[in-house]
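Chain and residue survey
The primary structure of each chain is shown beneath.
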Amino acid sequence: MVVSRLQSHDSGGRLYIVGTGPGDLLQMTPRALKALGEADCVIGNGFYLDLVEPMLAGKEVVRSSMGKEVDRASRALDLARDRVVAMVSGGDAGVYGMASIVLEVAERSGSTVAVEVVPGITAAVSAAARLGSPLSGDYVTMSLSDLLTPWEEIERRLDLAFRMRVPVVLYNPRSRGRPHNLDAAVAIARRHLPETTPVGVIKNAYRKGEERLITALGEFDDHFAFVDMHSIVFIGGEETRIWRDEHGARGIITPRGYHRKYVY
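Procedures and definitions
Residues numbered from 1 in each chain as written. Predicted model: local features only at pLDDT ≥ 70, side-chain atom pairs only at ≥ 80, totals over all residues. Heavy atoms only, no water. Helix = DSSP H or I, 4+ residues; strand = E, 2+ residues; numbered from the N terminus. Buried < 20%, exposed > 50% of the residue type's maximum accessible area, 1.4 Å probe, protein only. Contact = heavy atoms within 4.5 Å. Salt bridge = Lys/Arg side-chain N within 4 Å of Asp/Glu carboxyl O. Expected span 1.5 Å × (residues − 1). Pairing = 2+ DSSP bridges. Right-handed = clockwise from strand over helix to strand, strands pointing away. Axes fitted to C-alpha atoms, helices over the stretch in contact; angles between N-to-C directions. Phe/Tyr/Trp six-rings, centres within 6.5 Å; stacked < 30°, edge-to-face > 60°. Lys NZ or Arg CZ within 6 Å of the ring centre and 35° of its normal. Parallel < 35°, antiparallel > 145°, perpendicular 65-115°, else oblique. Left-handed = near helix turned anticlockwise from the far one by under 90°. Nonpolar A, V, L, I, M, F, W, Y, C, P; charged D, E, K, R; others polar.

Counting its regular elements, the protein chain contains eight helices and 13 strands. Taken along its principal axes, the extent of the C-alpha atoms in the protein chain is 60 × 45 × 40 Å. The buried share of the protein chain, taken over its 264 residues, is 46%. Taking as baseline every contact in the protein chain between residues at least 6 positions apart, the subset at least 24 positions apart corresponds to 69%.

Structure representation (structure tokens):
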């Protein structure tokens, strides 16, 4: 067993891996904003750098493209040997983000740079708030990207997730390079869930052009074109329901179980 005490580093270089949440500065944690403010250099994918552009004035900015994550991690560690560097990662850096690859590269290279992972609001949590309360209890997050995970393994995990009949959140649901992965995931969901199961999609949560879709599993096929890589898809569980009023669908709720314990 390893027991250690977290220590602050008062001198020398350091690397912050900053979760920027959905990209709106109002949705970033104070710690994330402070880390960006302290940094001499900020590195990241261009899309996420643009979202935090107001925080970049007077700093060296190193832009990287998708698919260059290993190079980006190595560069960040090199830059942080004698200066304060912040690497930005959308959502939470530890959830489908840059934290793991930076730590792996640091481990393999023997880097002694001080690294701090600064958490951010995950895409699932930020988008869920726009729908109401679809994730009130247990839920599963899955990425439909097969760039790093074989599709056969993704299918196996999807089947197990939908068997549990809890809400499932799909990251990276549909791209030009893999437009049919969402179709396959929905087909697996239909093996275990009724056609009336609520489905919600939030596109560009807390960003310009935000859009929302609420539908049912049996009707979702008609809306696949709405979904892209800036979308998060929620497929409800066995107790999930659409919250309606006289104006139509207001949101999605997955009751946590209070109705079984209390009378209200």
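Enumeration over the complete set of coordinates arrives at 13 salt bridges. Across the pair arginine 31 and glutamate 116 runs a salt bridge, and its minimum N-O distance is 3.1 Å. Taken together, the residues span a long stretch of sequence, with arginine 31 in helix H1 (residues 30–38) and glutamate 116 in strand E5 (residues 114–118) at a distance of 85 residues. Between glutamate 153 and arginine 157 there is a salt bridge, and its shortest N-O distance comes to 2.8 Å. Within this pair, glutamate 153 and its partner arginine 157 are both found in helix H6 (residues 151–163), separated by four residues, close to a single helical turn. With a relative accessible area of 22%, glutamate 153 lands in the partly exposed category. The structure contains a network of salt bridges with shared partners spanning Glu153, Arg156 and Arg157.

Okay, H6 next. Given 3.6 residues to a turn, an α-helix orients residues that are three or four positions apart in the same direction. Given a rise of 1.5 Å per residue, 13 residues ought to cover 18 Å, and the 18 Å separating the end C-alpha atoms of H6 matches this to within 8%. Directly beyond the C-terminal end of H6, a positive phi value near 60 degrees is found at arginine 165.

Our focus in this paragraph is the pairing of strand E11 (residues 231–235). Extensive coverage of E11 is indicated by the burial of five of its five residues. Burial along E11 is two-sided: Ser231, Val233 and Ile235 and Ile232 and Phe234, pointing in opposite directions, are all buried. Looking at chain direction, strand E8 (residues 168–171) and E11 are connected through three bridges and run antiparallel. Counted as the bridge partner of valine 169 is phenylalanine 234 from E11.

Okay, the pairing of E8 next. The side-chain alternation of E8 yields two buried faces, one formed by Val168 and Leu170 and the other by Val169 and Tyr171. With four bridges connecting them, strand E7 (residues 140–143) and E8 associate as parallel partners. Bridge pairing in E8 links methionine 142 to leucine 170. Remark: the E7/H6/E8 crossover connection has right-handed handedness.

Here we take up the sheet that holds E5. Taken in spatial order, the five strands make up an open sheet running E3-E2-E4-E1-E5, and their pairing is parallel. Pairing within the sheet leaves two strands with one partner each, and these edge strands are strand E3 (60–64) and E5. For this sheet, the mean angle separating the axes of adjacent strands, direction not counted, is 20 degrees. Across three bridges, strand E2 (residues 41–45) lies against strand E4 (residues 84–89) in parallel orientation.

What follows covers the packing of aromatic side chains. All chains considered together, the criterion is met by three aromatic pairs. Judged by centre distance (4.7 Å) and plane angle (55 degrees), the ring pair of tyrosine 96 and tyrosine 171 falls under tilted. Remark: tyrosine 171 occurs in strand E8 and tyrosine 96 occurs in the loop between E4 and helix H4 (99–109); sequence separation between them is 75 residues. With a relative accessible area of 8%, tyrosine 171 lands in the buried category. Both rings, one in phenylalanine 220 and one in phenylalanine 224, keep their centres 5.1 Å apart while their planes meet at 85 degrees; by these two values the pair is edge-to-face. Taking NZ or CZ as reference, arginine 130 lies 3.8 Å from the ring centre of tyrosine 206, over its face.

Time to look at the packing of helix H3 (residues 69–79) against H4. One way to put it is that H3 packs onto H4 with a least axis distance of 9 Å and a crossing angle of 60 degrees. Viewed along their axes, H3 and H4 adopt a mutual orientation that is oblique. Our pair here, H3 against H4, has a crossing hand that is right-handed. Across the interface between the two elements, Glu69, Val70, Ala73, Ser74 and Leu77 from H3 touch Ile101, Val102, Val105 and Ala106 from H4. For the contact of H3 with H4, the per-class residue count stands at seven nonpolar, one polar and one charged.

Attention shifts here to the packing of H6 against helix H7 (residues 181–192). In contact at an axis separation of 9 Å, H6 and H7 are set at 35 degrees when each is read in the N-to-C sense. Crossing angle aside, the handedness with which H6 passes H7 is right-handed. Taking contact as the criterion, the partners of Trp151, Glu155, Leu158, Asp159, Phe162 and Arg163 in H6 are, on H7, Asn181, Ala184, Ala185, Ile188, Ala189, Arg191 and His192.

That's the geometry; what it means functionally is another story.
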